[in-house]
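The residues making up each chain are set out below.
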Amino acid sequence: MREATKEELEKFREIDGIILEAVKNLNEDNFKELWINEKECKKHIKKRLSEGVIKDESDYIEKIKIAFCTQMR
């Protein structure tokens, strides 16, 4: 496998920064935009609620932020 070029690495860092900012700014108003459609989002939230892994949509959003930001370190 070849090494990434300096330009490719810079582009990856730029993209990571954009993703990180989007994740840090997630809230109940824009969270649904991550999904194919609102129906699929609601279906997923309902599934996570039934599994008992989240308390509500806000809790799920916070868990996503924590998981993502932990991986970025």
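Up top is the structure.
Below or above, wherever it landed, is the structure these notes cover. Not measured: the values here are computed from a predicted model.

Conventions adopted
Residues numbered from 1 in each chain as written. Predicted model: local features only at pLDDT ≥ 70, side-chain atom pairs only at ≥ 80, totals over all residues. Heavy atoms only, no water. Core = buried A, V, L, I, M, F, W, Y, C linked by side-chain atoms within 4.5 Å. Buried < 20%, exposed > 50% of the residue type's maximum accessible area, 1.4 Å probe, protein only. Helix = DSSP H or I, 4+ residues; strand = E, 2+ residues; numbered from the N terminus. Contact = heavy atoms within 4.5 Å. Salt bridge = Lys/Arg side-chain N within 4 Å of Asp/Glu carboxyl O.

This part covers the nonpolar core. Core analysis: the largest hydrophobic core is formed by 7 residues, namely Leu 26, Phe 31, Cys 41, Ile 45, Ile 54, Tyr 60 and Ile 61. Mapped onto this core, the elements with two or more residues apiece are α2 (38-51) and α3 (57-71). If we ignore the near neighbours within four places in the chain, the residues touching Ile 61 are Leu 26, Asn 27, Glu 28 and Phe 31.

Right, let's talk about the environment of Phe 31 for a bit. Its place among the elements puts Phe 31 in the loop between α1 (6-24) and α2. Classification of Phe 31 by relative accessible area gives buried; the value is 1%. For the pair Phe 31 and Gly 17, spaced 14 residues apart in the sequence, the C-alpha separation amounts to 18 Å. Other than its neighbours up to four places away in sequence, Phe 31 contacts Leu 26, Cys 41, Ile 45, Glu 57, Tyr 60, Ile 61 and Ile 64.

Attention shifts here to the pattern of salt bridges. Overall, the coordinates contain 8 salt bridges when judged by the stated rule. Note that Lys 11 is salt-bridged to Glu 14, the shortest N-O span being 3.7 Å. Highlighted residues: Lys 11 and Glu 14, both in helix α1, separated by 3 residues, approximately one helical turn. Two residues, Glu 62 and Lys 65, come together in a salt bridge whose shortest N-O distance is 3.5 Å. Of the two residues, Glu 62 and Lys 65 are both situated in helix α3; the distance of 3 residues between them amounts to about one turn of the helix. Residue class for Lys 65 comes out buried when judged on its relative accessible area of 15%.

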